[in-house]
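# Topology and contacts: notes
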Amino acid sequence: MIEQRLSEQRGVGDHGWLNSHHTFSFANYWDPKQTGFSDLLVINDDRVAPGRGFGAHPHNNMEIISYVLDGALEHKDSMGTGSVIVPGDVQLMSAGSGVTHSEFNHSKSDNVHFLQIWIVPGEHNTQPGYQQISVPESEKRGQLRLIISPEGKEGSLSVRQDIRIYAGFFDGAEQQTFALDADRYAYIHVARGSIEVNGVKFKEGDGARVRNESALHFAQGDNAEVLLFDLRPLEVNHPQR
C-alpha cells in the first residue's frame, strides 16, 4: 500500500527569512495524524534567506540529518565542529546527551534550500557525535545510493537506529526496482522534479508511507531527486518535540 501525502498537504511556516514545509507535525504545525512514521519524526523542507539562519539552540536524544539541495549551509556546534554543507553533502549530528548548534545560510546573496530530517534514536543519552560525507551525483544517477545506515555500510553515515536512507537521481529512461523486505515499512520523499513509483505519480514535495509492498519501481523521472527511508514496521504516535 502506498499512502501518498501531497506537497500541498504539508504544514507551512513562513517567517520571512525562512520558508519551511513540514511533512510531519513540527513547531506551530500540529496534526495528530501526522506525527512521524516509524522512527522517522521530521522532514522539514527549508529555504533560508541570504545571511540568515538558526542561532545556537540545543538538542538531545535525536539523530539530525541535513541534506542540501541548493546553496550552502554553515554549521557550528558545541562539539567544536564547523563546516559548510553544499549539494552532494550529507551531515548527521547525533545529539545524544545534549549538543548546541547553529545553522546559517553561508551566502550573502543566494538562498539555501535543504532538508532537515529527524530520526528517533534507539539509545538515549549517548555521547554526541558528528559525521559528514560527500556523495558524487554519479553514484546516485539512475539508482538509489545508501547514505545512512546503522552499520555505516558502503560509505554511508552510521545512525543510532534501525533505519536506512537512500538517495537517487532519475531522469528520462533511468529506472530502478528496489526490493523491500516483507516485514519493513518505507517512506518516499521527492525532493525535486517528478517521478512515478509503482505507477503512482509524484511531484516535488510529495511523499508516501509504504506498507506491505515487496518492491518499489522508480521510473519516468523528470529531473527527480528522491529519498527513500527503509524503516522498522512500527505504528507509533510520537509526541510533538
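Residues numbered from 1 in each chain as written. Predicted model: local features only at pLDDT ≥ 70, side-chain atom pairs only at ≥ 80, totals over all residues. Heavy atoms only, no water.

- As annotated in an unreviewed UniProt entry, the protein chain carries the name Pirin family protein and comes from Candidatus Pantoea communis.
- In its Sequence similarities (unreviewed entry) section, UniProt records this for the protein chain: "Belongs to the pirin family." (UniProt positions renumbered as here; feature names shortened; annotations may be inferred.)

### What about the UniProt feature "domain: Quercetin 2,3-dioxygenase C-terminal cupin" (unreviewed entry) in the protein chain?
- Taken from the UniProt record, the annotation "domain: Quercetin 2,3-dioxygenase C-terminal cupin" (unreviewed entry) applies to residues 146-231.
- Structurally, residues 146-231 is divided into 0% helix and 64% strand, and its ends, taken at the C-alpha atoms, are 14 Å apart. (Helix = DSSP H or I, 4+ residues; strand = E, 2+ residues; numbered from the N terminus.)

### Regarding the sheet that holds strand β10 (residues 99-105)
- Taken together, 4 strands build an open sheet; the order of strands is β5-β10-β7-β8 and the sheet is antiparallel. A single partner strand is all that each edge strand has here, and the edge strands are β5 (53-59) and β8 (82-85). If you compare each strand with its neighbour and ignore which way they point, the axes differ by 20° on average.
- Note: strand β7 (residues 73-77) against β10, 5 bridges, orientation antiparallel. Within β10, the position partnered with Asp77 by the bridge is His101. (Pairing = 2+ DSSP bridges. Axes fitted to C-alpha atoms, helices over the stretch in contact; angles between N-to-C directions.)

### Let's talk about the packing of aromatic side chains
- Tallied over the full model, the rule gives 8 aromatic pairs.
- Between the aromatic rings of Phe26 and Trp118, the centroid separation amounts to 5.3 Å while the plane-to-plane angle is 80°, which identifies the pairing as edge-to-face. Linking Phe26 in the loop between β3 (18-22) and β4 (40-48) with Trp118 in strand β11 (residues 112-119), this pair joins segments that are 92 residues apart in sequence.
- A relative accessible area of 17% means that Phe26 is categorised as buried.
- Residue Trp118 is classed as buried on the basis of its relative accessible area, which comes to 8%. (Phe/Tyr/Trp six-rings, centres within 6.5 Å; stacked < 30°, edge-to-face > 60°. Buried < 20%, exposed > 50% of the residue type's maximum accessible area, 1.4 Å probe, protein only.)

### Describing the UniProt feature "domain: Pirin N-terminal" (unreviewed entry) in the protein chain
- Under the local residue numbering, the UniProt record ascribes the feature "domain: Pirin N-terminal" (unreviewed entry) to residues 9-119.
- Secondary structure over residues 9-119 splits into 0% helix and 57% strand, and the C-alpha atoms at its two ends are 22 Å apart.

### With respect to the pattern of salt bridges
- This structure, assessed with the given rule, holds 18 salt bridges.
- For Arg164, the salt bridge identified is with Glu151, shortest N-O distance 2.9 Å. Pair noted here: Arg164 is in strand β15 (residues 164-170) and Glu151 is in the loop between β13 (145-149) and β14 (157-158), with a separation of 13 residues, a long-range link.
- Of the charged contacts in the structure, one is a salt bridge between Arg184 and Asp230, with a shortest N-O distance of 2.8 Å. Placement of the pair is Arg184 in the loop between β16 (176-179) and β17 (185-197) and Asp230 in strand β20 (residues 215-231), with a sequence separation of 46 residues.
- Judged by relative accessible area, which is 10%, Arg184 ranks as buried. (Salt bridge = Lys/Arg side-chain N within 4 Å of Asp/Glu carboxyl O.)

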